[in-house]
Amino acid sequence: MPVDVRNAALVVLTALAILAVLRWASAFFIPLMLGIVFSYALSPIVDGLQRWRVPRALSAAVLILAILGGAGGTAYSLSDDASDLIASLPQAARKLRDSVTSGRTAKATPLDTVQQAAAELQKAAEEAGGGSAAPPPRNVARVIVEKPRFDLREYLWSGTLGLVTGLAQAVLVTFLTYFMLVSGDTFRRKLVKIAGPGLAEKKLTVQALDEINGQMQRYLLVQLLASVGKGLVVGIAFALLGLNHAAVWGVAAGVLNLVPYIGPVAISGGAALVAFLQFGDVRSALLVGGVATVIAVIVGYLLVPWATSKANSMNAVAVFIGVLAWGWLWGVWGLLLGIPILMAIKAVCDRVDHLKPVGELLGD
């Protein structure tokens, strides 16, 4: 086999093996990447407190506890509104179904007309073929497939297991973030030390780590400002439109803004459904959903890409394809972690000679 073909085959097999390992060990890699991202986001604050003679262990612990306490306090203060909002969703779905059903009975849809035409054609074909259809054969047992009954205990058990797994991963991410914040630049020095014996290898490693650190912090700052701004705009807009629980919708819009593509769609669809239940008018529901969609388009497709391109030189098409690939690999967590991972890959590829084409492909 020629050398080029053999090398290409080895590269393809290596890439497939890496993807298989990442998918198989997702329960390990997802908390690890979340801990790394959170440590990048919080390390500037801990570094600043350290310059003020505050020990890293104490500052990291206080910072993490403050974030968890603030998130818990916000969730508790909005819990009643959130419970009312969630309780209204089944009624909204039922009302929407009744509206669609009444609309169908009042006026025949094109699909109903096509269905009637197909039935008439089938009847004509049966008459042309010699009358009625052939009778069913005798002495044939009739089989009825019954769906399994709804078992509430099974769903409760699976939901409890999922909740326990999620809490365990949250605890794991919290401790991993804390230990990474306490360690400071220990792993950075170790990576530089094992990069190679020469000064050039150590210099490239330092440059790559500095670029990853800077790009990651700029990206997280852009996402934080975009989420806060979108949450405020959505909450104010929904309050002006008269939608109940506008504050809950604002918080949900800010949090789900971190999940590309899926988060804005969920906010627009859910808000339109709840608006239909509250106002009882399709136009009002479309207005609320349209306002949420316009805000999502302006923030997610105009402001955030522009700010991200200014802060991080990434190609929009390559980022879109990469985020879809990570979403296929890890689901929602892949959508959330896809862009930071691509930034780290680009920073490394830009400084390795035989990987520079990959960095050029990801670059702007």
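Residues numbered from 1 in each chain as written. Predicted model: local features only at pLDDT ≥ 70, side-chain atom pairs only at ≥ 80, totals over all residues. Heavy atoms only, no water.

What counts is decided by this rule: UniProt positions are given in the numbering used here, feature names are shortened, and annotations may be inferred rather than shown by experiment.
Looking up the protein in an unreviewed UniProt entry gives the name AI-2E family transporter, with the organism given as Ramlibacter agri. Quoted verbatim from the Subcellular location (unreviewed entry) field of UniProt, the annotation for the protein is "Membrane". Under the UniProt heading Sequence similarities (unreviewed entry), the note attached to the protein is "Belongs to the autoinducer-2 exporter (AI-2E) (TC 2.A.86) family."

### Here we look at the overall build of the protein
Rules: Counting from the N terminus, the helices are the DSSP runs of H or I reaching at least four residues and the strands are the DSSP runs of E reaching at least two. Partly exposed describes any residue whose relative accessible area lies between the buried limit of under 20% and the exposed limit of over 50%, with all areas from a 1.4 Å probe on protein chains only and scaled to the type maximum. In what follows, a contact means two residues having at least one pair of non-hydrogen atoms within 4.5 Å.
The number of helices and strands found in the protein is 14 helices and zero strands. The N-to-C order of helical and strand elements in the protein reads α-α-α-α-α-α-α-α-α-α-α-α-α-α. The proportion of buried residues among the 364 residues of the protein is 28%. Considering only residue pairs separated by 6 or more positions, the protein has 69% of its internal contacts joining residues 24 or more positions apart.

### Some remarks on the environment of Gly300
Assignment of secondary structure puts Gly300 in helix H11 (residues 282-311). Owing to a relative accessible area of 30%, Gly300 belongs among the partly exposed residues under this scheme. Note: C-alpha distance between Gly300 and Asn257 (43 residues apart in sequence) is 7.9 Å.

### Quick word on helix H13 (residues 332-349)
What counts here: For a helix, the expected span equals 1.5 Å multiplied by the number of residues minus one. The angle between axes fitted to the seven residues ending at a residue and the seven residues starting there is what we call the bend at that residue.
Between its first and last C-alpha, H13 extends 26 Å over 18 residues, near the 26 Å set by a 1.5 Å rise per residue. At Gly338, H13 is deflected by roughly 45°, the largest bend along its length, and proline Pro340 occurs up to four residues later in sequence. Taken as a whole, H13 has its buried residues at Gly334, Leu335, Leu337, Gly338, Ile339, Pro340, Ile341, Leu342, Met343, Lys346, Ala347 and Cys349.

### As for the nonpolar core
Put simply, the rule reads: Nine residue types can take part in a nonpolar core, namely buried Ala, Val, Leu, Ile, Met, Phe, Trp, Tyr and Cys, and a core is a set of them joined through side-chain atoms within 4.5 Å.
Counting 24 residues, the largest nonpolar core has Leu220, Trp326, Trp330, Leu337 and Ile339 as its most contacted members. With seven residues, the top contributor of residues to this core is H13. Among all residues touching Leu220, those that are not within four sequence positions of it are Val37, Tyr40 and Ala41.

### Overview of the side chain of Lys346
With respect to the helices, strands and loops of the structure, Lys346 is situated in helix H13. Given the relative accessible area of 5%, Lys346 is considered buried. Sequence-distant contacts of Lys346, that is, excluding residues within four places in its chain, are made with Ser313, Met314, Gly359, Leu362 and Gly363.

### So, helix H2 (residues 26-51)
With 26 residues, H2 should reach 38 Å at 1.5 Å per residue; the first-to-last C-alpha distance of 37 Å fits that figure. Along its length, H2 shows its largest kink, about 45°, at Leu42, and proline Pro44 lies within four residues downstream of that point. What H2 keeps buried is the set Ile30, Pro31, Leu34, Gly35, Val37, Ser39, Tyr40, Leu42, Ser43, Val46 and Gly48. With its phi angle positive at about 70°, Arg53 sits one or two positions after the end of H2.

### Some points on the UniProt feature "transmembrane region" (unreviewed entry) in the protein
With numbering aligned to this structure, UniProt lists the feature "transmembrane region" (unreviewed entry) at residues 28-46, 58-78, 155-181, 219-241, 247-277, 284-304 and 316-345. Between the C-alpha atoms that bound residues 58-78 the distance is 30 Å, and the span itself is 95% helix and 0% strand. Secondary structure over residues 219-241 splits into 100% helix and 0% strand, and the C-alpha atoms at its two ends are 32 Å apart.

### Some details on a nonpolar patch on the surface
For the record, the criterion: To count toward a patch, a residue needs a relative accessible area above 30% and no salt bridge. Like charges then connect within 9 Å, nonpolar side chains (Val, Leu, Ile, Met, Phe, Trp, Tyr) within 5 Å. Where accessible areas are quoted, they stem from the Shrake-Rupley method and a 1.4 Å probe; at the residue level, only the protein chains shown are allowed to cover. The term salt bridge refers to a pairing of a side-chain nitrogen on Lys or Arg with a carboxyl oxygen on Asp or Glu at a separation within 4 Å.
A contiguous nonpolar surface patch, about 760 Å² in accessible area, is contributed by Leu221, Leu224, Leu225, Val228, Leu232, Ile236 and Leu240. If you trace the backbone, Val228 turns up in helix H8 (residues 199-241). Relative accessible area serves as the criterion here: at 45%, Val228 is assigned to the partly exposed category.

### Things to note about unusual backbone geometry
Most of the time, phi is negative for any residue but glycine, and the peptide bond is trans. Residues other than glycine seldom take positive phi values, yet Arg53 does so here, at roughly 70°. Along the chain, Arg53 falls in the loop between H2 and helix H3 (56-77). Of note, the phi angle at His245 is positive, near 55°, even though the residue is not glycine. Tracing the sequence through the fold places His245 in the loop between H8 and helix H9 (246-256). Given the relative accessible area of 23%, His245 is considered partly exposed.

### With respect to the environment of Val352
Tracing the backbone shows Val352 in the loop between H13 and helix H14 (356-362). Expressed as a C-alpha distance, the spacing of Val352 and Glu201, which sit 151 residues apart in the sequence, is 9.8 Å.

### Concerning the packing of helix H12 (residues 316-330) against H13
For clarity, the threshold we go by: Every axis corresponds to a line fitted to the C-alpha atoms, with the helix fit spanning only the stretch in contact, and the corresponding angles, defined between N-to-C directions, vary from 0 to 180 degrees. These descriptions rest on fixed angle ranges, namely under 35 degrees for roughly parallel, over 145 for roughly antiparallel, 65 to 115 for roughly perpendicular, and the rest for oblique. By the definition used in this description, the sense in which the near helix is turned from the far one sets the handedness, with an anticlockwise turn below a right angle giving left-handed and a clockwise turn giving right-handed. Under the convention adopted here, Pro, Cys and the residues Ala, Val, Leu, Ile, Met, Phe, Trp and Tyr are nonpolar, Asp, Glu, Lys and Arg are charged, and Gly plus all remaining residues are polar.
Relative to each other, H12 and H13 sit at 135°, their axes nearing to 7 Å. Considering the angle they form, H12 stands oblique to H13. Note that H12 runs across H13; the crossing there is right-handed. Side by side, H12 and H13 meet where Ala318, Val319, Gly322, Val323, Trp326, Gly327 and Trp330 of the first sit next to Val332, Trp333, Gly334, Leu335, Leu337, Gly338, Ile339, Ile341 and Leu342 of the second. Here the residues of the contact of H12 with H13 sort into twelve nonpolar, four polar and no charged.

### Structural notes on the pattern of salt bridges
Side-chain pairs of opposite charge can arise whenever the charged atoms involved come near each other. Considering all chains together, one arrives at three salt bridges under this definition. A salt bridge links Asp47 to Arg56; the shortest N-O distance between them is 2.7 Å. Judged by relative accessible area, Asp47 falls into the partly exposed class, the value being 29%. Look at Arg56 and you get buried, because its relative accessible area is 13%. Between Asp350 and Lys346 there is a salt bridge; the shortest N-O distance is 2.8 Å. Since its relative accessible area comes to 27%, Asp350 is described here as partly exposed.

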